[in-house]
Amino acid sequence: MRSPSFYLASEILSGSPTLFCSQVLPAAAVDRSKFRTCEQGSFCRRYKKWISRPEREKALWTVLPQTRAPLPEGGFSFQVKHVNEETPHLLLKLNIYASGMVRMRITEIKPLHIRHEIPPGDVVSDPPPAAAKVSEADESGKSIFKFATADGTAAEDRTELNARNMLNFERYRTPKERLPPDTASVAAPDTVLLDAAAHPNGLDTNGLWEEPFGGHTDQKPRGPASLGMDVSFLGDVPSLFGLPEHATKASLPFYQEPYRFFNLDVFEYEIDEPMALYGAIPIIWAIHRLGGQTVSSGFLWINPSETFVKLERDTPDGKGGPAHAWWTSESGVLDTVVMVGPTPKTVSAQFHDLTGHGPMPGLWALGKHQCRWNYMSEKDVATVDSMYDKYDIPYDTIWLDIEHTDGKAYFSWNAAAFPNPKQMIDNISAKRRKFVNVVDPHIKKDEKFHVYREVRDKGFFVKKVSYKQIDDPTDVKPADWVEETKIPDPTATQPPELFCGEGGWHPRKVNDPTPDLTDFEGWCWPGTSLYPDFTDPAMREYWGSQFALDKYTGTNADTYIWNDMNEPSVFNGPEVTMPRDAIHPNGMVEHRDVHNMYGYYVHRATFEGLQKRTPGDRPFVLTRSFFIGSHKYSAIWTGDNYAQWSHLKASIAMVGALTLGGQSLVGADVGGFFKHPDTEMTVRWYQLAVLIYPFLRNHAHLETPRREPYVFDEKTMLRIKASLQMRYKMLPLWYTLFHRWASAAEPVVRPLFWDFLDDPQTHENEEALESQIMLGDSLLVHGIAKPSSEQSEATVYLPKASGWYSIHNGAFKAPGAHVHKLDLDSIPAYYRAGTVVPLKSRIRRSSACMSLDPFTLNVYLNPQTGAAKGRLYIDDYRTRTYQDVGLLCARKIDFTCSARLGTRTHHAKASFEETLKSSH
Amino acid sequence: MRFVVFCILLGIDEFQAWPLGAHFGDLSKHTQAFEASSLGLPFQCLDGSVTLLSSDVNDNFCDCPDGSDEPSTAACAGLSNLGFYCRNLGSAPKWLYASRVNDGVCDCCDGSDEPPSGCPSSCDKEGPAVLARLKARQQEVRQGQLLRRQYEDEGLQQVVHWTEEKERLAADVADLMTVQVGDAQSSPDRAFVGCSSTSTAPFYTNGHDKEQRKDVSEYTRWALPVSETGPHRSSQSVECWVGEFINAESFCCDASQGPQGRQECWDEVYTFQSCCKTWQRQVLPTFERQSWSTSESVSPERRFEPKSSKSVSREMRQTKGRLFSLESKLRAVERSHRWFYLADTCLTRQTHRRHTELSIPGASSERVDFKLCLFGDVRFGSVNYGSFDGWDGEHGLRYSRGQHCPGGPARSLKICLLCGAETELLDIAEVSLCAYEAAVKTPGACELSNLEELADDLEKVIDRPLMPLDSS
């Protein structure tokens, strides 16, 4: 194990002028005016001014080595002193992990309000600490943090924090008007540079204590608390990857506008945009070319408040040389993790070492999901199910969207259309298929709805603050105050006017520090809705208990859950979400502090509920909103995409970015959610999706015509059927890859550089980056995202390997660029030579029906060695015994001329075959 | 390069005597091939592509590209359309896809598609019910078939009669026109206003709202019609259109032509009137310069009264009404004169609004009349779901240009006619936003093939054919 060491650099790098390549933005369909840009948000605007201040090169913070103290959770801390203050106010915490990671946190030593920290275990599990000792140099006053592997074998630096001295940390403060007059010289926010919100030149004081946007005013009784820092990726960095979720390219463009992380329900999102979407995993992957060596590294920014990240280059053409990113978040603590690599495999392993490993999904979750907004009745559901059977098309799961409910009170049924839901789902179960129902987190305000009553009575709803002005208790009447009195006019003939106190002493008015809290009410599907505080473990416990089969009537143990709208979506809220100044009763935390984790807590509560509902079963939850660590609980889809070729293509990059963020059970709605795809687009979308979407779902908007595979003309239907049959045939490969993900942290689907880091084409070849992606280490897929009228052939780049075989006809191709003539029956896809692919050739109506069928191994020989290798993983496909008891079969398959099968790598503890049989 | 791995062979039950799952009734070639293989001779795949050793047949490994070598196993699942035949003695036999064999789901009542003891045999139990169902259906189809023949005979006469009457009435109208035009030279063609789904763009009352909706989230958009900021729904559901028109009464009939004839037509005037009020409020200011004079106090039918001899006018009105009704009837028999019996038929069914009217957020679950006039209009409560728009295949009817859904497309409906002894409305469902489908049973849809298929099915249940190699 390599361990990184931490030391403080010996020199301060001077910031060089940064030039950006400007982007021409496409015509808008999404309403940009609804969503904030960096410039429109006060903390990001302030931060931009902060980092362009002329005196930026001057070091501001000093790490005090003599203050080193061990941390209870491992690692150690230092106090950090601002150059313009006497006492240190910040605490820098360091953890060095054995897998090759450094975590650096900065927080306040004695904050005026609690700075929100994510509870331990929610995102970061405690990885094993460094085995090696840490050496740190006594070089106080230097504020560059460098990371490198420390075992002497690959000691070249690849990541630096604060190299451009952009650190900003705004401590909580008392509003100026509440400071006693004699304290002005001490705190002196107007005369001494402290941070972006306390700067002698008054960089930007707008929006410190309240901030209007889009007709809402964000009350900020706690004032500014943002933080920011820069990170530099050293060497020649051809491409950066990651930053899910954005509808952007795989090789992240260096936009003028920073990438935004603020989980939002964005209506009709656009492609090639840094705008925020539904979820946030703020991770950057970098490729560094260091001399003759190519390595990769990762950088993670753990903060659930609104976050912006700007990618920058030193060079005017925006290519080559090092790459930089600056980050700024609205509140919380500064929490970063550097994953030093050096291979993509180690970066992935380091990420999962930090955030935990994902669970094996049930095999059925990798099959075809059939969804629509909405199947309208029990009969409708039965018809869709039987039509799949009529044409012998495999599928595993049928879904119901919001219309199945009684007036959008989730956990209930529309009795007119679904009078007997239990029977309906049992009929699905009888065919060994599954059922997914939508349950959104907003709660209908309705006295008749038990969930509403119970959550309200328990006090679990997020609160709204009714701000009011009170007399400032700190403002006392000066001792020398002379009350102006009216002297009666002796000459008056009328009685004197009533004396109304004008001119008398009055205390200042300030916001009431303990204002009234009432349940926050927003507008969503059901009309007036309330939003539970899912950050509260007690609320999550309650929520989870609602999925019990005796509570959630009409469901059975084959029913799983879809959490939509969990950003949360609030139709009448600012930016269609919850106001930042809403209060979570759990710890009286402001919503701004936890916003990007709201969705995470919702789907986690659902997952834990399903776990309790059916002990031993593998839960399935689909979520739209997510955060770092969501992979432990939930599948993710890329939200409400469009039936457009551009969205088809973008899904390749979006899926790739999500898998680099640790989320492997991901996919986009096949065929697009909005609008209606023509037959060719539908076919192309399926052909791509069956090979690269781990989560394969067909979904459609209420207004669109039906688009189940069987509604098309026969040719189209047969093409879709062939695609789905190929998916089912390849399920053993998918399942084995998911085992690699769950056990060895390997993304199931990944950009080409992950497997072919030494092939520079995978860092910079446009086709290789944006049109192609790998399924495991064996299959390369090239998406076709144009109609045949515009594209008759595709240039496929096959990376350096011992050769490639077409998945469709077995034709052998040498590495390099190949022109591929297109037809409508397939898209280019190639198995890497030297791999053994596990398959099942009997295609049945669902994956469960295929569980006892024999395997087929396709062997794609390495032409030079005549050998091939592969893996096959088998368990009972649906329970947790693979984890709890270790009942599984994981084999390496080693095909050579002399030996056909390799050795069993994982021994089953009991008669595996018997268990597998009896469990079905 | 494909071979079966025995890492864990969790396979199919061992090879059984091959009649299981094979059916030879219609596939003599298949029979011969299997007979040959049972004698140890080579087996030729049905598509002729490959010749196999006899031991390769039903050996739980798919050799033929068409899947024909494995009638008893699932080895060719997903590949073969030849399938597996369950004999289901005592009940109806059944063809299955090979993918259903040994998949853990009992598809055959005799359990033959799953390993022995995998499924309890239920043919004895379900057989009588299947038989009863088939017989009842046969009875129904026979009745329907008889009625259909009767309608075919009667239809011929009826259509001739209608055609003659139509010509006569058309001549009458022409005559009356001459009189009327002479009487009322000064009365120009009028612009009229009426209720319809085919709104013309400038008067589309939702135009502005549509613009607004662009700005809001998907969800806001759906919530809008009932939110306090959104337009009130009832004002959305009434749309007005303007066109050139001569006679108000026949417009009214056009909008509501139904089997009840003129009475229904007059009933519609109420809707017309309310619509006009909406129209006046919303559209009038931009339309006043048109040659349309109106007085608030005058009722619509009076407003359009031509200034001519009252008796001529009345006669004209009546004649035109009858003519219109005939034209509508004749449309019903465009395809085949046997459909004449449905020309005046309307079917009614009470159903929950929520069940079919998804597109109205927050609609109550009141029960509303769904009224389908087969060659006229479809109404659900007071909402027009479309008017007859032609045939869709042999047994399909299309209805289009219904009222627009709030913010959505114009409502439309497809009817599928099924064979039945009586005419009845079975189901109505919204398959996508404002697109509905319904099924109607009626004798005219009975085909000879229905009877033949049923007889076939019955025969299979009653007289089980002996299998050639059933002795094993």
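No experiment lies behind these values; they were computed from the predicted model shown. (Residues numbered from 1 in each chain as written. Chains lettered and ligands numbered in written order. Predicted model: local features only at pLDDT ≥ 70, side-chain atom pairs only at ≥ 80, totals over all residues. Heavy atoms only, no water.)

*Asks:* Please explain the packing of aromatic side chains as it appears in this structure.
*Replies:* Here a ring pair, both rings aromatic, is described through the centre-centre distance and the interplanar angle of the planes. On inspection of all chains with the given rule, the structure shows 57 aromatic pairs over all chains. Connected via pairs of aromatic rings, a cluster forms that spans Tyr151, Trp339, Phe340, Tyr341, Phe375, Phe388, Trp391 and Tyr399 of chain B. Between Arg580 of chain A and the ring centre of Phe262 of chain A, over which it is positioned, the NZ or CZ distance is 4.3 Å. Positioned above the aromatic ring of Tyr385 of chain B is the side chain of Arg411 of chain B, whose terminal nitrogen or guanidinium carbon lies 5.2 Å from the ring centre. (Phe/Tyr/Trp six-rings, centres within 6.5 Å; stacked < 30°, edge-to-face > 60°. Lys NZ or Arg CZ within 6 Å of the ring centre and 35° of its normal.)

*Asks:* Help me understand the sheet that holds strand S27 (residues 521-524) of chain A, please; the structure alone is not making it clear to me.
*Replies:* Across a sheet, paired strands are connected by hydrogen bonds in the backbone, their directions being either parallel or antiparallel. All names here are of chain A. Taken together, the three strands give an open sheet; going across it, the order is S22-S28-S27, and neighbouring strands pair in antiparallel fashion. Two strands lie at the open edges of the sheet, namely strand S22 (443-444) and S27, each paired on one side alone. Relative to strand S28 (residues 527-530), S22 is paired through two bridges, and the arrangement is antiparallel. Bridging across to S28, Lys444 finds its partner in Ser529. (Pairing = 2+ DSSP bridges. Helix = DSSP H or I, 4+ residues; strand = E, 2+ residues; numbered from the N terminus.)

*Asks:* Just to check I follow, could you spell out the confidence of the model for chain A for this structure?
*Replies:* Parts of the model with low pLDDT should not have their predicted coordinates read in detail. Residues and elements named next belong to chain A. The pLDDT averaged across chain A works out to 87; a share of 87% of its residues lies at or above 70. Counting interchain partners and residues more than four positions distant, the pLDDT-below-50 stretch residues 183-187 has two contacts. Counted against residues more than four places away or in other chains, residues 899-912, with its pLDDT under 50, gives 33 contacts. (pLDDT = per-residue confidence, 0-100. Contact = heavy atoms within 4.5 Å.)

*Asks:* What is the right way to read the side chain of Arg115 of chain A from this model?
*Replies:* Residue and element names in this part refer to chain A. Structurally, the position occupied by Arg115 is in the loop between strand S5 (101-108) and strand S6 (145-149). At a separation of 2.5 Å, a polar atom in the side chain of Arg115 contacts the main-chain carbonyl oxygen of Ala225. For Arg115, the residues in contact, after removing those within four places along its chain, are Thr107, Glu108, Phe169, Glu170, Arg171, Tyr172, Ala225, Leu227, Gly332 and Val333. (Polar contact = N/O pair within 3.5 Å; in protein donor to acceptor, adjacent residues only side chain to side chain.)

*Asks:* Is there a simple way to explain the pattern of salt bridges in this structure?
*Replies:* Opposite charge on two side chains allows them to pair when their charged atoms are near. All names here are of chain A. Under the criterion given, the structure shown has 68 salt bridges over all chains. A salt bridge links Arg289 to Glu764; the nearest nitrogen and oxygen atoms lie 3.0 Å apart. Residue Arg289 is located in strand S14 (residues 283-290), and its partner Glu764 is located in helix H14 (residues 761-764); the two are separated by 475 residues in the primary sequence. Notably, a salt bridge pairs Arg580 with Glu330, separated by 2.8 Å at the nearest N-O pair. A residue pair is termed long-range when its members are at least 10 positions apart, and Arg580 in the loop between strand S29 (559-563) and strand S30 (583-584) and Glu330 in the loop between strand S17 (323-329) and strand S18 (334-339) qualify at 250 residues. This pair shows no difference in class: Arg580 is buried, exactly as Glu330 is. Within the structure, one salt-bridge network assembled from shared partners comprises Arg36, Glu211, Asp218, Lys220, Arg260, Glu306, Glu330, Glu575, Arg580, Glu590 and Arg592. (Salt bridge = Lys/Arg side-chain N within 4 Å of Asp/Glu carboxyl O. Buried < 20%, exposed > 50% of the residue type's maximum accessible area, 1.4 Å probe, protein only.)

*Asks:* I'm lost on helix H13 (residues 731-744) of chain A in this one. Help?
*Replies:* Three or four residues apart is the spacing at which side chains of an α-helix point the same way, because the helix has 3.6 residues per turn. When the terminal C-alpha atoms of H13 of chain A are compared, their 19 Å separation across 14 residues agrees well with the 20 Å that a helix rising 1.5 Å per residue should span. Just past H13 of chain A, the residue Ala745 of chain A takes up positive phi, approximately 65°. (Expected span 1.5 Å × (residues − 1).)

*Asks:* Teacher, can you tell me more about the state of the cysteines here?
*Replies:* Disulfide: a covalent bond connecting the sulfur atoms of a pair of cysteines. With the rule as written, the count across this model stands at eight disulfides over all chains. Linked covalently through their sulfurs, Cys346 of chain B and Cys373 of chain B form a disulfide whose S-S length is 1.9 Å. Note on the Cys346 of chain B and Cys373 of chain B pair: the S-S dihedral is about 110°, so by sign convention the disulfide is right-handed. Of this pair, Cys346 of chain B sits in strand S8 (residues 346-352) while Cys373 of chain B sits in strand S9 (residues 367-373); the two residues are 27 residues apart in sequence, bridging distant segments of the chain. Like Cys373 of chain B, Cys346 of chain B is buried. Unpaired in terms of disulfides, Cys371 of chain A finds its nearest cysteine sulfur in Cys524 of chain A, a separation of 17 Å. Cys416 of chain B forms no disulfide, and the closest cysteine sulfur to it belongs to Cys419 of chain B, at a distance of 12 Å. For Cys416 of chain B, a relative accessible area of 38% gives the class partly exposed. (Disulfide = S-S within 2.5 Å.)

*Asks:* Got a minute to help me understand the environment of Ala785 of chain A in this structure?
*Replies:* Inspection of the secondary structure puts Ala785 of chain A in the loop between strand S39 (779-782) and strand S40 (793-798). Setting aside its immediate chain neighbours within four residues, Ala785 of chain A contacts Trp645, Leu648, Lys649 and Gln791 of chain A.

*Asks:* Just checking my understanding: could you explain the environment of Ser125 of chain A for this structure?
*Replies:* Residue and element names in this part refer to chain A. Take Ser125: it is sitting in the loop between S5 and S6. Given a relative accessible area of 26%, Ser125 falls into the partly exposed group. For Ser125 and Thr355, which are 230 residues apart along the polypeptide, the C-alpha to C-alpha distance reads 5.5 Å. Once you skip the residues sitting within four places of it in the chain, Ser125 turns out to touch Asp353, Leu354, Thr355 and Gly356.

*Asks:* I'm lost on the packing of helix H11 (residues 679-692) of chain A against helix H12 (residues 714-729) of chain A in this one. Help?
*Replies:* If you want to describe how two helices pack, look at the angle between their axes and the distance between the axes. Residue and element names in this part refer to chain A. Two elements in contact, H11 and H12, have axes whose closest approach is 9 Å; the angle formed by their N-to-C orientations is 5°. Classed by the angle they form, the pair H11 and H12 counts as roughly parallel. Residues Thr679, Thr682, Val683, Tyr686, Gln687, Ala689, Val690 and Leu691 of H11 lie in contact with H12, whose contacting residues are Thr716, Arg719, Ile720, Ser723, Leu724, Met726 and Arg727. Here the residues of the contact of H11 with H12 sort into eight nonpolar, five polar and two charged. (Axes fitted to C-alpha atoms, helices over the stretch in contact; angles between N-to-C directions. Parallel < 35°, antiparallel > 145°, perpendicular 65-115°, else oblique. Nonpolar A, V, L, I, M, F, W, Y, C, P; charged D, E, K, R; others polar.)

*Asks:* It is not clear to me how the pairing of strand S10 (residues 216-219) of chain A should be interpreted in this structure. Could you clarify?
*Replies:* A regular strand places its side chains on the two faces of the sheet in alternate fashion. For strand S9 (residues 210-213) of chain A and S10 of chain A, the ladder comprises four bridges, and the chain directions are antiparallel. Residue pairing for S10 of chain A: Glu210 of chain A is matched across the bridge by Gln219 of chain A.

*Asks:* What is the right way to look at the UniProt feature "domain: Glycosyl hydrolase family 31 C-terminal" (unreviewed entry) in chain A in this model?
*Replies:* Following the UniProt record, one finds the feature "domain: Glycosyl hydrolase family 31 C-terminal" (unreviewed entry) at residues 746-837 of chain A. Between the C-alpha atoms that bound residues 746-837 of chain A there is a distance of 17 Å. The span itself is 10% helix and 37% strand. (UniProt positions renumbered as here; feature names shortened; annotations may be inferred.)

*Asks:* Hey, could you run me through the UniProt feature "domain: Glycoside hydrolase family 31 TIM barrel" (unreviewed entry) in chain A in this one?
*Replies:* Using the residue numbers shown here, the UniProt feature "domain: Glycoside hydrolase family 31 TIM barrel" (unreviewed entry) corresponds to residues 359-492 and 518-737 of chain A. Taken end to end, residues 518-737 of chain A comprises 37% helix and 15% strand; its first and last C-alpha atoms sit 49 Å apart.

*Asks:* Just checking my understanding: could you explain the pairing of strand S11 (residues 383-391) of chain B for this structure?
*Replies:* All names here are of chain B. Most of S11 is tucked away: eight of the nine residues are buried. In this structure, strand S10 (residues 377-380) lies alongside S11, joined through four bridges in antiparallel fashion. Within S11, the residue paired with Asp377 across the bridge is Ser387. Taking the residues between adjacent antiparallel strands as the criterion, S10 and S11 are bridged by two residues, where Gly381 takes a positive phi near 65°. Joining the antiparallel neighbours S11 and strand S12 (residues 396-400) is a turn of four residues, in which Gly393 adopts a positive phi near 75°.

*Asks:* Would you mind showing me how to read a negative patch on the surface here?
*Replies:* All names here are of chain B. A contiguous patch of negative charge on the surface is contributed by Glu452, Glu453, Asp456, Asp457 and Glu459. If you trace the backbone, Glu452 turns up in helix H12 (residues 448-462). Of the residues examined, Glu452 reaches a relative accessible area of 51% and is grouped as exposed. (Patch = residues over 30% accessible without salt bridge, like charges linked within 9 Å, V, L, I, M, F, W, Y side chains within 5 Å. Areas by Shrake-Rupley, 256 points an atom, 1.4 Å probe, with all protein chains shown as cover. Lys, Arg positive; Asp, Glu negative; His and termini not counted. Charge placed at Lys NZ, Arg CZ, Asp CG, Glu CD.)

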